[in-house]
Amino acid sequence: HPASVTQGLVHSLDALTQCGDMKVTAAFGPQHGLRGDKQDNMVESPDYTDPRLGIPVFSLYGEVRRPTDAMMAPWDVLLVDLQDLGCRIYTFITTLRYVLEAAAAHGKVNLIFNNAGVALGSTVERTDYADFEWLMNINFWGVVHGTKAFLPHLRRSGEEGHIINISSILGLTTAGLPQAAYSASKAGLIGLTRDLAQQWTGRKGIRVNAIAPGFFE
C-alpha cells in the first residue's frame, strides 16, 4: 500500500525491481489499491497488469478477498510490507492473514520473520498493568502465537525452515531510557529464541535466530 516505501520514499515494488539479483513476478494490492489510488471507502480494485513492469497486480480487495490458486502460482518468495494503522475499519491485517493462510496451504512457508513491536517510554511506576499487558501481548505473545501457528507449515514444506525474531539492544542492556515494559518484552524474545534454537535446529531442521537492532539514524 502507499506506506510501503523506502527511506527515500520509493515504493517497495519499485525498489525491489531495481535489485539486480531479484526477479519480481507478481504483486498484490490490499484495500485502496497497491499504490493507494482507490481512496473512497469500500471501493474495490480490479486485477491489472502494471504498465511499466509488465507483471500482474492481483487485487485482494476486488472480486476476491483471498488469493486464488492462479494468484499463488507465479512466485516462489512472498515479501509482505504492509504497515497497519491500528484502526479496525481497515482490512490490512485481515488481508495479511488470508495471504499467509494461502501460502501455508500451498506449501510456500519456510521463513517466518517476527517483527511485531510497540513501545512505551515510561517507568515501572508510571506504567499500569493494562499498558504492560497490551505491550506484552504484541511484542512477546504476538511472536509466540505466530511461531506456533506456522510451525506445522514449516515442517511440511520439505525445506529448511528459518525463524527470525526481531528483539532489541534494550533486551540485552540499558540505554538510560525508561523502557521497562519494552525491555522486558525484548529480553523475553531473546530467551525464547535461545530455547527454540536448541530445541529445533537439530531435531526439526528449523533455524531460529534473533536480531537485536540498536540506535541508528
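The coordinates are above.
Residues numbered from 1 in each chain as written. Predicted model: local features only at pLDDT ≥ 70, side-chain atom pairs only at ≥ 80, totals over all residues. Heavy atoms only, no water.

*Asks:* Can you break down the overall build of the chain residue by residue, with the values?
*Replies:* Scanning the chain from terminus to terminus reveals six helices and six strands. When burial is assessed residue by residue, the chain has 35% of its 217 residues classed as buried. Partitioning the intrachain contacts of the chain with sequence separation of at least 6 by distance along the chain shows that 63% fall at a separation of at least 24. Here the chain displays about 13,200 Å² of accessible surface, and carbon together with sulfur accounts for 55% of that area. (Helix = DSSP H or I, 4+ residues; strand = E, 2+ residues; numbered from the N terminus. Buried < 20%, exposed > 50% of the residue type's maximum accessible area, 1.4 Å probe, protein only. Contact = heavy atoms within 4.5 Å. Areas by Shrake-Rupley, 256 points an atom, 1.4 Å probe, with all protein chains shown as cover.)

*Asks:* Tell me about the sheet that holds strand S1 (residues 27-29), residues and numbers included.
*Replies:* The strand order across the open sheet formed by three strands is S1-S3-S2, and the pairing between neighbours is mixed. If you trace the sheet from one side to the other, it starts and ends with S1 and strand S2 (48-49), each paired once. One ladder, built from three bridges, connects S1 with strand S3 (residues 56-59); its direction is parallel. Paired with Gly-29 across the two strands is Ser-59, which belongs to S3. (Pairing = 2+ DSSP bridges.)

*Asks:* How would you summarise the packing of aromatic side chains if you had to cite specific residues and measurements?
*Replies:* Within the structure shown, the criterion is met by two aromatic pairs. Aromatic pair Phe-28 and Phe-58: ring centres 5.7 Å apart, planes at 45°, arrangement tilted. With Phe-28 in strand S1 and Phe-58 in strand S3, this residue pair connects regions lying 30 residues apart in the sequence. Both residues of the pair, Phe-28 and Phe-58, count as buried. Between Phe-140 and Trp-141, the ring centres sit 5.6 Å apart and the planes meet at 85°, which makes this aromatic pair edge-to-face. Residue classification places Trp-141 among the partly exposed residues on the basis of a relative accessible area of 41%. Against the face of Tyr-61 rests Arg-65, its NZ or CZ located 4.0 Å from the ring centre. (Phe/Tyr/Trp six-rings, centres within 6.5 Å; stacked < 30°, edge-to-face > 60°. Lys NZ or Arg CZ within 6 Å of the ring centre and 35° of its normal.)

*Asks:* Requested: an account of the sheet that holds strand S5 (residues 161-166), with residues and values cited.
*Replies:* An order of S4-S5-S6 is seen for the three strands of this open sheet, with the pairing classed as parallel. Both edges of this open sheet fall to strand S4 (111-114) and strand S6 (206-211), since each of them pairs with a single strand only. Each neighbouring strand pair of the sheet contributes to a mean axis angle of 10°, computed without reference to strand direction. Strand direction decides the pairing type here: S5 and S6, joined by six bridges, are parallel. In the strand pairing of S6, Ile-164 is matched with Asn-209. Of the strands in this sheet, S4, S5 and S6 are in contact with helix H5 (residues 141-156), which crosses S4 at around 175°. Sitting on the sheet, helix H6 (residues 180-200) touches S5 and S6, and the angle it makes with S6 is about 160°. (Axes fitted to C-alpha atoms, helices over the stretch in contact; angles between N-to-C directions.)

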